[in-house]
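# Structural description and commentary
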Amino acid sequence: MTGDRRSQFAAAYFDQAWSDWQTYVYLTRAAGLPRCHSLHYLQMACEKLGKAYRLRNGAADVDAIVTRHAGFAQFVNEFLRSPSVVDDYAGQSARHKAVCKTSFALAREIEKLAPAIDRMHSPENAEYPWERGN
Amino acid sequence: MPISKRDAARVLADAHYRIEDGLERVFIIPAGLEDPREPIKLLEVNANTIPTGSIEPIPFSASREIPFVTEIAEISPEEFSKLERGELSLPPGWTLEGADDVPRPRAA
């Protein structure tokens, strides 16, 4: 890794998120594989994409962002309230509100596929899918 | 006449209240509000967010209606209490002193 550490991390996370996403798509089309494998790649793709975006912040605490699994759901929440998305839904508050609510719930479920997230309430996860015996 | 940064921040805060029922407070951080090179900074207290233990602003690009880069930092009400007790810190350059505590619009 050369140059600005934060920018380099952001680019690396974006590239790997894209690779994880392609693997997710590949695994969803592969016959006979348990679903936990594709879901694991979906979770990793989303986590890295969120990190890549959050690392755009010049004042970002790089070490805090790269070492935590949480943050994707919060990123989605804030992104959906960003100026460009607010513009896109101008005059459609009810629709925008519904999209935000659904997207956040979905993002949170994806985030919880990581074993480190909310283990107390959601022990089931994509990486070690036997916590509840299935 | 182009919209001022302060007015754009208000427009954005009002829009956020309309689309997020859990939003309890929106603060427009005064630091850099008069400096065109600085982004709009919003601290939002959202009962529906997931506490992360830190306050991390995420920058977003300007848009046609909000022609300013905007940083949004979202925290839970519990994290806001910690912030008030000094157990949590705002990002560098952010302060609540003189911040505009935007009330929820009546219709939102």
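Quick look at the structure, then. As the structure is a computational prediction, the values presented were derived from the model and not from experiment. Along every chain, residues carry numbers that run from 1 in the direction the sequence is written. Note on labels: chains are lettered from A, ligands numbered from 1, in written order. Predicted model: local features are reported for residues with pLDDT of at least 70 only, side-chain atom pairs are reported and counted for 80 or more only, and whole-chain, interface and lining totals are derived from all residues.

A separate point is the nonpolar core. To form a nonpolar core, buried Ala, Val, Leu, Ile, Met, Phe, Trp, Tyr and Cys residues must be joined through C-beta atoms within 7 Å. Here a residue counts as buried when 20 or more other C-beta atoms fall within 10 Å of its C-beta, as exposed when 12 or fewer do, and as partly exposed in between; the C-beta atoms come from the backbone. Core analysis: the largest hydrophobic core is formed by 58 residues, its most contacted members being Ala-45 of chain A together with Leu-12, Ala-13, Ile-28 and Leu-42 of chain B. At nine residues, helix α2 (residues 35–54) of chain A tops the list of elements feeding residues into this core. Numbering of helices and strands starts at the N terminus; helices are DSSP runs of H or I of at least 4 residues and strands are runs of E of at least 2.

Residues and elements named next belong to chain B. Where burial is concerned, most of strand β2 (residues 40–46) is hidden: seven out of the seven residues are buried. Residue alternation in β2 divides its side chains into two sets, Ile-40, Leu-42, Glu-44 and Asn-46 and Lys-41, Leu-43 and Val-45, and both sets are buried. Pairing of β2 with strand β4 (residues 70–75) involves six bridges; the strand directions are parallel. Bridge pairing in β4 links Glu-44 to Glu-74. Strands are treated as partners if at least two bridges between them are detected by DSSP.

A word on the interface of chain B and chain A. Taken together, the contacts link 26 residues of chain B with 24 residues of chain A. Of all the secondary structure elements, the ones that give two or more residues to the side of chain B that touches chain A are α1 (5–19), β3 (58–60) and β4 of chain B. For the side of chain B that touches chain A, the leading source of residues is α1 of chain B, giving five residues. Contact between two residues is assigned whenever their backbone-derived C-beta positions fall within 7 Å.

Residues and elements named next belong to chain B. Spatial ordering of the open sheet is given by β3-β4-β2-β1-β5, a layout of five strands whose pairing is mixed. Bordering the open sheet on either side are β3 and β5 (100–102), each of which pairs with just one other strand. For this sheet the average axis-to-axis angle between neighbouring strands, irrespective of direction, equals 25°. Note on method: axes are straight lines fitted to C-alpha atoms, helices fitted across the in-contact stretch only, with angles between N-to-C directions ranging 0 to 180 degrees.

What follows deals with the environment of Val-62 of chain A. All names here are of chain A. Following the sequence through the fold, Val-62 ends up in helix α3 (residues 62–67). The class for Val-62 is partly exposed, based on 17 C-beta atoms found within 10 Å. Each C-alpha atom, one on Val-62 and one on Ala-98, is 33 Å from the other, the two residues being 36 residues apart in sequence. Ignoring anything within four residues of it in the chain, the contact list for Val-62 reads Arg-5, Arg-6, Phe-9 and Leu-55.

In this section: the pairing of β4 of chain B. Working note: regular strand, side chains alternate between the two faces of the sheet. Summarising burial for β4 of chain B: six of the six residues are buried, a large majority. Residues of β4 of chain B alternate between two faces, with Thr-70, Ile-72 and Glu-74 of chain B on one and Glu-71, Ala-73 and Ile-75 of chain B on the opposite face, all of them buried.

By themselves, these are just geometric observations and shouldn't be taken as functional.
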